[in-house]
Structures are given as C-alpha cells and as structure tokens.
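Residue-level structural notes
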Amino acid sequence: MVAVAILPEIQDTLNKDEHHPMHGFAVVYSQQVEWGDMDSFGHVNNVVYYTYAQNARIHYNTQLNLFNESTFSVMAASSCQYFKPVTYPDTLWIGVRVKKIGNASVIHEYTYYSTAMSTIVARGESVLVYLDKASGQKKNIDETKKAAIIAFESFS
C-alpha cells in the first residue's frame, strides 16, 4: 500500500534535513492557522489544537481506509502540552502516529511543528475506542486493520 500521507513539499524538507523533528511520522498533516483560531490573548486558543489533532487523525485514518459502515470511534481521552504560542499567519505540520494498538482502542500521538518558528510548539495524545454501530458496544479492531497500521507505521 502506498499512501499520500506526506505532502511533497514537506517530504522535500524532510529529505534535506535528516534531523528534522517530523522524521519518523507515518503522516505529517499540513494545517493552516486561521485568523479566527486566535483568542483575545493574540495566539491560537488551546482548544483549537484538539480540532487540529482531529483533522490530522482523520487524514491518518483515511490513508488506511479505517472508516466503515459498521464501526465508529469515540474519544476516550485526549491531552495536549503547549510549548510556544502560535499566531496567525502560520502553518503547522502535525505529525501523527499510532503509539499503541489495543484490543478495541488506538492511542495516537501528535507533534505540532510551526513552520514560521521552525520548532515544535506542542505535543498531544488521544485514545480512540472503536464501537459497533448497531450495539454501541466495544468492537475489537480486526486483525487485518491492526496489520495495516503496523505496516503503515513501519514504512515511515
């Protein structure tokens, strides 16, 4: 499987800098910072990072075709640590990877890299639990999907 998980312009930067902090991610998602993402303190509001993580996670899951008609996921936990305030205009590169695959859950980790500041500005983590749409009960992740995630992660 070959996925377009990293945009060519990001991949070019990574190829030129072997020590870039976005190396090692199966997916690097490009997120434009919008003027409306900032709060009255003049920087991106802390809750916006969760929307950014959601966008990156959906992009990751789309690369692996993890969405289907019989299963859905719910957020069981999420966290974010902030290192530097981000302001408009900026583009964040959000590295996403699966840290752990459980029976019915996946832990993703996120690294937020500011292209304007050329540094990591935040790190986060989320736990998704998969449920059966009909019953609402936990649904084990199918072995072929686990294998696909492992293969995708080892490709990076």
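For clarity, every value in this text was computed on a predicted model and none was experimentally measured. (Residues numbered from 1 in each chain as written. Predicted model: local features only at pLDDT ≥ 70, side-chain atom pairs only at ≥ 80, totals over all residues. Heavy atoms only, no water.)

Some thoughts on the packing of aromatic side chains
In this description, an aromatic ring pair is defined by two values, namely the gap between the centres and the angle between the planes. A full pass over the atoms with the stated rule returns 6 aromatic pairs. When the ring of Trp 35 is compared with that of Tyr 88, the centres are 5.8 Å apart and the planes differ by 90°; the resulting orientation is edge-to-face. One end of the pair, Trp 35, is in the loop between strand 1 (27-32) and helix 2 (48-63); the other, Tyr 88, is in the loop between strand 2 (71-82) and strand 3 (91-101), and 53 residues separate them in sequence. For Trp 35, a relative accessible area of 60% translates into the label exposed. Relative to Tyr 82, the ring of Tyr 49 has its centre 5.0 Å away and its plane inclined at 70°; by these criteria the two rings are edge-to-face. Residue Tyr 49 is located in helix 2, and its partner Tyr 82 is located in strand 2; the two are separated by 33 residues in the primary sequence. Accessibility expressed as a relative area gives 3% for Tyr 49, which makes it buried. Cluster of aromatic residues (ring-pair linked, three or more members): Tyr 49, Tyr 52, Tyr 82 and Tyr 112. The ring of Phe 25 carries Arg 97 above its face, with NZ or CZ at 3.9 Å from the centroid. (Phe/Tyr/Trp six-rings, centres within 6.5 Å; stacked < 30°, edge-to-face > 60°. Helix = DSSP H or I, 4+ residues; strand = E, 2+ residues; numbered from the N terminus. Buried < 20%, exposed > 50% of the residue type's maximum accessible area, 1.4 Å probe, protein only. Lys NZ or Arg CZ within 6 Å of the ring centre and 35° of its normal.)

Section: unusual backbone geometry
For the peptide bond that leads from Tyr 88 to Pro 89, omega is -5°, which places it in the cis range. The backbone of Ser 118 sits at a positive phi, close to 55°, despite the residue not being glycine. Following the sequence through the fold, Ser 118 ends up in the loop between strand 4 (105-114) and strand 5 (119-132).

Focus on the nonpolar core
Of all hydrophobic cores here, the largest spans 29 residues; its most connected members are Tyr 52, Tyr 60, Leu 92, Ile 94 and Tyr 112. Counting only elements with at least two residues in this core, the list comes to helix 2, strand 3, strand 4, strand 5 and helix 3 (143-155). At 6 residues, helix 2 tops the list of elements feeding residues into this core. Counting residues in hydrophobic clusters, the runner-up holds 9 residues, among them Ile 6, Ile 10, Phe 25 and Val 28. (Core = buried A, V, L, I, M, F, W, Y, C linked by side-chain atoms within 4.5 Å.)

Observations regarding the side chain of Asn 61
The residue Asn 61 is located in helix 2 in this model. Exposure remark for Asn 61: the relative accessible area of 5% places this residue in the buried category. Ignoring any residue separated from it by four or fewer positions in sequence, one finds Asn 61 in contact with Leu 66, Phe 67, His 108, Leu 128 and Tyr 130. (Contact = heavy atoms within 4.5 Å.)

What to know about the side chain of Glu 153
Residue position: Glu 153 is located in helix 3. Arg 97 provides the closest opposite charge to the buried, unpaired Glu 153, separated from it by 5.8 Å. Discounting residues that sit within four places of it in the chain, Glu 153 has contacts with Ala 26, Tyr 60, Arg 97 and Val 98. (Lys, Arg positive; Asp, Glu negative; His and termini not counted. Salt bridge = Lys/Arg side-chain N within 4 Å of Asp/Glu carboxyl O.)

Things to note about the pattern of salt bridges
Per the stated rule, a full pass over the model turns up 3 salt bridges. Where Arg 97 meets Glu 109, a salt bridge forms, and the shortest distance between an N and an O atom there is 2.8 Å. Linking Arg 97 in strand 3 with Glu 109 in strand 4, this pair joins segments that are 12 residues apart in sequence. Taking relative accessible area as the criterion, Arg 97 reaches 22% and is therefore assigned partly exposed. Of the charged contacts in the structure, one is a salt bridge between Glu 125 and Lys 99, with a shortest N-O distance of 2.7 Å. One end of the pair, Glu 125, is in strand 5; the other, Lys 99, is in strand 3, with 26 residues separating them in the sequence. Given the relative accessible area of 26%, Glu 125 is considered partly exposed.

That's the geometry; what it means functionally is another story.
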